[in-house]
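# An overview of the molecular structure
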Amino acid sequence: MLDRRFIVENAEKVKQNCAHRNSPADIDRFVALELARKAKKTEVDQLNQKANEVSKSIGKADPSQRETLKEEGRRLREQTAQAQAELAQLEVEQESIYRAIPNMSHPDAPIGVDDKANLERFRGKTTPRQFDFKPLDHVELGEKLDLMDFEAGARVAGHGFYFLKNEAVLLELALQQFAVQTLLGEGFTPTITPDLARNDVLEGTGYIPRGPETQIYSIENSDLSLIATAEIPLGGLLAGQTIEAEQLPIKLCGISHCFRTEAGAHGRATRGLYRVHQFTKIEMFAFTLPEQSEGMLDYLRDMECRLFDALEIPYRVVDTATGDLGGPAYRKFDLEAWMPGRGEFGEVTSTSNCTDFQARRLNARYKIKGEKGTHFVHTLNGTAIAISRAMIAVLENHQQSDGSVLIPEVLRPWVGKERIEARRK
RNA sequence: GGAGAGGUGGCUGAGUGGUCGAAAGCGUCGGUUUGCUAAACCGAUGAGUGGCUAUAAGCUGCUCCGCAGGUUCGAAUCCUGUCCUCUCCGCCA
């Protein structure tokens, strides 16, 4: 969330930003409520002050005075309770608007209401291959090479679930190893996170666990949900904590399963591994000082480029338009890999600078030695490798005319072979 | 799953109704001492959020002792609920 005072003092800017980001939040109403809230809070404080004074005096008072003072105290506490109730009412209304206000946007982010305004910034080192045969998509490849079983997945858990088999399993583990080892070399602390998290952690990171549009599976009779990304538990890592400024930046690598209901996503791009309910993801996450976050975003994006360049996968880097940023992101870059089977680019990574938007809700702060007070950290997240989508790109880009798939050089140590041979069934 | 113990400031830990935002120790910061380091000694040292003054510093209100309620003029302290942690037992990869 944004700073309340910032909203009041920059109402016009915030309003314009909301327009750019398709947010219906009523900023004028919010500002009015904020002023009313402050006034009411002052009233509550003053009543409390009087009541406290009376309460304190009773202990020292002459016994004959006590009953009169008690009566006075009772009366003041009643008034306080009344004012407090009014304050709470204001806060409830304000909160619902507050939650709908998105983060501010980076001045260089392309302005536009949806993903059509996204701007391609540059391309990866690998250029798309010219195939001298008709490339298959990963589902066909998977079937021919016996790498995935979607039917069995559906029998066991429904549409959107799958079994990985044979080399696909080796490939998944290899992609994990490759990503983790690369990040390890860059000083990221590797973690395996819980795959479930409390709903307040979800909310702190900007995910909404309930409601008709939710992407989140929640666990019945508990306040736990399955995580949609390791960003959630990693953000929660410092929830409610205050750390020393010199510990920043903190670079984390989180390995987790990700679960998404994909509500309302039926129809397009649901074939195969592209849009599934469960996948493994290696995620990068960073806590930084405010002045470090812009540089860190570039760094995370460059890490993603490095990984996909090394996998010899063609991609483009897209600067996400304001209307497509979601709530918490200040700026976001996506890598879209070329997927020959689909004949189009498909999103494989996404990295965001959330500035202090998540930190404020998570209450993650830092303090500078020798200085009074605390400040909110900045949080950033970025996909290192989302296995299912990376697997699509690897299989489709590295398929050969004889039906086999060449394993990218960097994965061979972990796959243990250089090629997935076409099978003779 | 069963039984028990406990959640207090950066940490350890005292505090059972008013003088408690909270002892003491550790840590941290500043100073004295010192050839240097260490030690010793002295002093300072929680956070959030408003207001006043304002270069800065400062002054001041309110809130916060896991969280939410309740009792009371008054709650870290009493009551209820809830979450979490730890120990033991059982079960289990």
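Presented here is a report on the structure given in the accompanying data block. (Residues numbered from 1 in each chain as written. Chains lettered and ligands numbered in written order. Predicted model: local features only at pLDDT ≥ 70, side-chain atom pairs only at ≥ 80, totals over all residues. Heavy atoms only, no water.)

Moving on to the sheet that holds strand β1 (residues 119-123). Taken together, 8 strands build an open sheet; the order of strands is β1-β10-β11-β12-β15-β9-β8-β4 and the sheet is mixed. Both outer strands of the open sheet, β1 and β4 (189-192), are each paired with one neighbouring strand and no more. Between one strand and the next, the sheet's axes are offset by a mean angle of 30 degrees, whatever the strand orientation. Where strand β10 (residues 315-319) and strand β11 (residues 331-339) come together, 5 bridges link them in antiparallel fashion. By the bridge assignment, valine 318 is partnered in β11 with aspartate 334. Running at roughly 10 degrees to strand β9 (residues 278-288), helix α7 (residues 167-184) makes contact with β4, β8 (250-259), β9 and β15 (378-386) of the sheet. (Pairing = 2+ DSSP bridges. Helix = DSSP H or I, 4+ residues; strand = E, 2+ residues; numbered from the N terminus. Axes fitted to C-alpha atoms, helices over the stretch in contact; angles between N-to-C directions. Contact = heavy atoms within 4.5 Å.)

The local shell around RNA strand B holds 16 residues, among which Asp45, Ser55, Ile58, Arg74 and Thr374 are the closest. Backbone atoms, meaning sugar and phosphate, make up 77% of the atoms of RNA strand B lying within 4 Å of the protein. Contact between RNA strand B and serine 55: a base nitrogen at 2.4 Å from a main-chain N or O atom of the residue. Elements with a minimum of two residues in the surface near RNA strand B: α3 (27-60) and α4 (63-100). Per-class residue counts for the surface near RNA strand B are 1 nonpolar, 8 polar and 7 charged. (Near = heavy atom within 4 Å. Polar contact = N/O pair within 3.5 Å; in protein donor to acceptor, adjacent residues only side chain to side chain. Nonpolar A, V, L, I, M, F, W, Y, C, P; charged D, E, K, R; others polar.)

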